[in-house]
Amino acid sequence: MNTQKPRKVSEKLLLGPGPTPVESRVLRALSEPTLGHLDKDFIAIMDETRKLLQYVFQTDNELTVAMSGTGSAGMETACVNMIERGDKVIICSHGVFGERMIDVANRCGAEVVKVAAPMGKPIDPEDVRKAIKSNPDAKIIGIVHAETSTGVLQPLDDITKAAHEAGMHMIVDAVTSLGGVEVPVDRLSLDMVYSGSQKCLGCPPGLAPVTVGPKAVDRIKRRTHKVQSWYLDLTMIMRYWGEERFYHHTAPVNMIYGLNEALRIIAEEGLENRWLRHRKNAEALWAGLEGLGLKLLVDKEYRLPSLTSVLVPEGVDEVAVRKELMNEYSIEIGAGLGDLKGKILRIGLMGSGSRKENIVLFLAALGNVLRKQGFNADIGGALQAVEKVLS
Ligand code: PLP
């Protein structure tokens with residue numbers, strides 16, 4: 001094997017659906033000396049990380065941990081721990097990740113009742129109320145807060161109220177919202193919420209923060225059968241993250257350092273300031289894209305600040321657009337998924353990626369690329385629109 005050849009890793013501007021740019025402070029933390037996963041110094045870092053996660057989740061939930069694995073491990077953790085074979089669950093699907101939650105719940109042996117909305121629209125709380133009425137024996141409602149496949153930010157207040165009035169638990173996917181948008185864990189008493197480290201938290205992929213409310217902890221403790229997954233079983237994981245420090249699996253020690261540093265950066269900025277920055281910069285991007293002459297998929301009321309979907313204009317080859325953005329400008333953005341494949345481009349402004357200079361560079365680059373394809377992009381108009389929002 002020829003190991004003389006250097007690894008090919010050059011820096012790219014990550015403006016896609018994730019991973020997102022990682023600050024050098026986080027990269028340095030990742031390279032600190034590896035400690036044993038039961039070392040007292042590492043345990044102190046774990047304890048601090050847990051407190052920082054409680055801050056970012058805005059919760060006092062004791063059971064707040066970082067699961068080993070990406071956002072999908074968070075989804076699986078929620079499903080395998082909350083669902084027992086034969087349980088009826090209502091899952092709301094307004095995009096690819098809602099569909100994935102249905103798949104995961106089915107694999108846990110759940111009887112799934114689906115509530116759907118077209119891609120690009122949020123779930124209508126009235127539809128959820130109807131599903132609850134027809135299925136009063138359902139135990140859980142699952143929903144994606146920030147649907148990364150469309151760029152919809154799903155309002156949670158009414159749906160959570162309906163779920164709790166019916167005695168049902170809420171599982172919420174906050175993979176693309178945590179750290180960039182308010183995730184109201186304690187305000188709404190959300191029962192199980194999970195995320196991923198590589199989106200608005202500004203860390204590389206590899207950890208899935210999870211928080212579990214008291215009623216969900218109770219449900220997990222009252223299970224009649226063991227959790228189907230040994231690796232994701234919270235009844236054991238909680239013993240490692242808690243006082244007992246019971247060995248379960250070897251924690252990804254350096255990843256925890258990285259997450260710890262990323263969360264410290266968030267605490268230094270302040271959560272509210274961070275939400276505001278994500279919102280303001282998203283508004284500038286939206287104005288800039290419309291300034292170029294493009295149309296956005298999602299109505300403004302439901303737009304997700306961390307991820308924007310823009311429609312591909314007639315006659316434009318979206319694969320060629322993304323290729324040229326990468327080859328000429330080293331900018332990564334995302335393609336459409338599922339039914340939106342070929343129809344939209346997805347632009348992420350998350351974590352340290354959400355900044356004015358990235359918006360200006362991206363719009364100018366996109367405008368150039370579109371012009372080459374015969375679309376008359378108004379680059380000057382786009383940059384003026386950005387300035388107007390941010391000045
Ligand atoms: N849920 C949502 C809303 C996501 O956007 C993603 C990934 O983009 C996932 C779940 C799965 O996360 P991962 O790819 O980190 O496993």
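Summarised in this report is the structure supplied together with it. (Residues numbered from 1 in each chain as written. Predicted model: local features only at pLDDT ≥ 70, side-chain atom pairs only at ≥ 80, totals over all residues. Heavy atoms only, no water.)

### Description of the overall build of the chain
Part 1 of the reasoning: From N to C terminus, the chain includes 13 helices and 14 strands.
Part 2 of the reasoning: At 21 Å, the chain has a C-alpha radius of gyration in line with the 21 Å of a compact globule built from 391 residues.
Part 3 of the reasoning: Considering only C-alpha atoms, the chain reaches an extent of 65 × 55 × 45 Å along its principal axes.
Part 4 of the reasoning: Counting across all 391 residues of the chain, residues that qualify as buried make up 58%.
Part 5 of the reasoning: Working note: accessible area of the chain is about 17,100 Å², and carbon and sulfur atoms make up 51% of it. (Helix = DSSP H or I, 4+ residues; strand = E, 2+ residues; numbered from the N terminus. Rg over C-alpha atoms; globule rule 2.2 N^0.38 Å. Buried < 20%, exposed > 50% of the residue type's maximum accessible area, 1.4 Å probe, protein only. Areas by Shrake-Rupley, 256 points an atom, 1.4 Å probe, with all protein chains shown as cover.)

### Concerning the pairing of strand β14 (residues 344-348)
Part 1 of the reasoning: Taken across its 5 residues, β14 has 5 buried, putting it largely inside the fold.
Part 2 of the reasoning: Of the two faces of β14, both are covered, the one formed by I344, R346 and G348 as well as the one formed by L345 and I347.
Part 3 of the reasoning: Where strand β11 (residues 307-311) lies against β14, 5 bridges are found, and the strand directions are antiparallel. Bridge pairing in β14 places L311 opposite I344.
Part 4 of the reasoning: With 2 bridges joining them, strand β13 (residues 334-335) and β14 adopt antiparallel strand pairing. (Pairing = 2+ DSSP bridges.)

### As for the sheet that holds β13
Part 1 of the reasoning: Pairing is antiparallel across the open sheet formed by 3 strands, whose spatial order is β11-β14-β13. Two strands in the sheet have a free side with no partner beyond their single neighbour: β11 and β13.
Part 2 of the reasoning: Helix α11 (residues 318-329) contacts β13 and β14 of the sheet and is inclined by roughly 30° relative to β14. (Contact = heavy atoms within 4.5 Å. Axes fitted to C-alpha atoms, helices over the stretch in contact; angles between N-to-C directions.)

### What to know about helix α12 (residues 356-372)
Structural remark: α-helix, 3.6 residues per turn; residues separated by three or four positions point the same way.
Part 1 of the reasoning: A rise of 1.5 Å per residue sets the reference length of α12, with its 17 residues, at 24 Å; its end C-alpha atoms lie 25 Å apart and thus fit the reference within 8%.
Part 2 of the reasoning: The set of residues buried in α12 consists of N358, I359, F362, L363, A365, L366, G367, V369 and L370.
Part 3 of the reasoning: In this fold, the buried residues of α12 make contact with β1 (13-14), α10 (271-292), α11, β12 (331-332), β14 and α13 (379-390).
Part 4 of the reasoning: Of the residues trailing α12, G374 is marked for its positive phi of about 90°. (Expected span 1.5 Å × (residues − 1).)

### Looking at the site of the ligand
Part 1 of the reasoning: Taken together, the neighbourhood of the ligand is formed by 13 residues, with T70, S72, T148, D173 and K199 sitting nearest.
Part 2 of the reasoning: Within the side chain of T148, one N or O atom sits 2.4 Å away from an oxygen atom of the ligand.
Part 3 of the reasoning: Here D173 contributes a side-chain N or O atom positioned 2.7 Å from a nitrogen atom of the ligand.
Part 4 of the reasoning: Taken by itself the ligand offers 380 Å² of open surface, and the protein chains cover 87% of this.
Part 5 of the reasoning: Contributions of two or more residues to the shell around the ligand are made by α3 (71-82) and α4 (96-107).
Part 6 of the reasoning: In terms of residue class, the shell around the ligand is built from 4 nonpolar, 6 polar and 3 charged. (Near = heavy atom within 4 Å. Polar contact = N/O pair within 3.5 Å; in protein donor to acceptor, adjacent residues only side chain to side chain. Nonpolar A, V, L, I, M, F, W, Y, C, P; charged D, E, K, R; others polar.)

### Side note on the side chain of D87
Part 1 of the reasoning: For D87, the position within the fold is in the loop between α3 and β3 (88-93).
Part 2 of the reasoning: Under the relative-accessibility criterion, D87 is labelled buried at 11%.
Part 3 of the reasoning: There is a polar contact of 2.8 Å between the side chain of D87 and the side chain of R219.
Part 4 of the reasoning: Contact partners of D87, with chain neighbours within four places excluded, come to M82, G109, A110, E111, K139 and R219.

Honestly, it's all geometry; don't read function into it.
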